Amino acid sequence: SVGYEGIFDGQGYALSLFPEDMLVEGDAVIGLFGTLKSGAVVKNLSISNRQDNYLSSAGTNYTYNGEYTLYFGLVAGRVLEGATVSGCRVANSTVSISKGVLGAIVGVNYGTVENCVSYGLTLTGPAGRVGGIVGDYNGGTVTNCYTTYASIGSTATGFVGTSVSCEAGISDERMASGEIAYK
């Protein structure tokens, strides 16, 4: 099956690679890395439209209007068991989908997401299928992640995973104060 299998270290650089609007029809896994397969690692990556130390991808808007499955995350749409996303950041992003699963960092997580942060988000999607870090857990683990969004991951029934040392709903002031750091 198709997916990324390597190790990518963004070294903290900010990338801005997405168009302002995207119309998707059919099944889709959308993210910089699409699907991360077992053994894949993506780390130390920022998604941004401006090259600065504070992430800014303001104005980015994604729309999905199909009748199919959509897994959307700015870093990876789907993280499979045995794959890891670590130390990634997303901020000031606007993402809107009408069907599917939406996470600021990862759409659907079967693997490991750790030490990630997101803030300044406007996320719109199906009730309970949206998260400031992951859209759905699906048995995956999320550790030491922080977001200003209302939830770390899905609140929908049946999409349970594990969150350890994570916090959602952090105020913008607290996030900007430097108090939130990888502990």
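Residues numbered from 1 in each chain as written. Predicted model: local features only at pLDDT ≥ 70, side-chain atom pairs only at ≥ 80, totals over all residues. Heavy atoms only, no water.

**Quick word on the overall build of the chain**
Okay, step 1: Within the chain one finds 1 helix and 23 strands.
Okay, step 2: Counting all 183 residues of the chain, 48% fall into the buried class.
Okay, step 3: A sequence separation of at least 24 residues applies to 71% of the contacts in the chain between residues at least 6 apart. (Helix = DSSP H or I, 4+ residues; strand = E, 2+ residues; numbered from the N terminus. Buried < 20%, exposed > 50% of the residue type's maximum accessible area, 1.4 Å probe, protein only. Contact = heavy atoms within 4.5 Å.)

**Overview of the sheet that holds strand E17 (residues 117–119)**
Okay, step 1: With respect to topology, 5 strands assemble into an open sheet ordered E2-E7-E12-E17-E22, the strand pairing being parallel. In this open sheet, the two strands that pair with only one neighbour each are strand E2 (14–15) and strand E22 (146–147).
Okay, step 2: As paired strands, E17 and E22 are joined by 2 bridges and run parallel to one another. Bridge pairing in E22 links Ser 118 to Thr 147. (Pairing = 2+ DSSP bridges.)

**So, the side chain of Thr 148**
Okay, step 1: Considering the arrangement of structural elements, one finds Thr 148 in the loop between E22 and strand E23 (162–164).
Okay, step 2: If sequence neighbours within four positions are ignored, Thr 148 has contacts with Ser 118, Tyr 119, Gly 120, Leu 121, Gly 169, Ile 170, Ser 171, Asp 172 and Met 175.

**Points about the pairing of strand E9 (residues 70–73)**
Working note: regular strand, side chains alternate between the two faces of the sheet.
Okay, step 1: Judged by which residues are buried, E9 turns out to be covered on both faces: Leu 70 and Phe 72 on one side and Tyr 71 and Gly 73 on the other are all buried.
Okay, step 2: Relative to E9, strand E4 (residues 28–30) runs parallel, the two being bridged by 3 bridges. Along E9, the bridge assignment pairs Ala 28 with Leu 70.
Okay, step 3: Here E9 runs beside strand E14 (residues 101–103); their pairing, made up of 3 bridges, is parallel. Of the residues in E14, the one forming a bridge with Phe 72 is Leu 102.

**Thoughts on unusual backbone geometry**
Okay, step 1: At Asn 44, a residue that is not glycine, the phi angle is positive and equals roughly 55°.
Okay, step 2: As for its position among the elements, Asn 44 is in the loop between strand E6 (41–43) and strand E7 (46–47).
Okay, step 3: Although it is not a glycine, Asn 115 adopts a positive phi angle of roughly 55°.
Okay, step 4: Within the secondary structure layout, Asn 115 lies in the loop between strand E16 (112–114) and E17.

**Looking at the packing of aromatic side chains**
Aromatic ring pairs are described here by two measures, namely the spacing of the ring centres and the angle between the planes.
Okay, step 1: Across all of its chains, the model carries 2 aromatic pairs by this definition.
Okay, step 2: Three or more aromatic residues link up through ring pairs in this structure, and these residues are Tyr 4, Phe 8 and Phe 33. (Phe/Tyr/Trp six-rings, centres within 6.5 Å; stacked < 30°, edge-to-face > 60°.)

**Some points on the state of the cysteines**
Okay, step 1: Here the structure, examined in full by the defined rule, presents 0 disulfides.
Okay, step 2: With no disulfide of its own, Cys 116 lies 4.6 Å from the sulfur of Cys 145, the closest cysteine sulfur. (Disulfide = S-S within 2.5 Å.)

**Brief notes about the pattern of salt bridges**
Okay, step 1: The final tally for this structure, using the stated rule, is 2 salt bridges.
Okay, step 2: Between Asp 136 and Arg 129 there is a salt bridge, with its nearest N and O atoms 2.4 Å apart.
Okay, step 3: Residue classification places Asp 136 among the buried positions, given a relative accessible area of 1%.
Okay, step 4: Arg 174 is the partner of Glu 167 in a salt bridge, and the nearest nitrogen-oxygen pair spans 2.6 Å.
Okay, step 5: By relative accessible area, which is 27% here, Glu 167 ends up partly exposed.
Okay, step 6: Using a relative accessible area of 21% as the deciding quantity, one classes Arg 174 as partly exposed. (Salt bridge = Lys/Arg side-chain N within 4 Å of Asp/Glu carboxyl O.)

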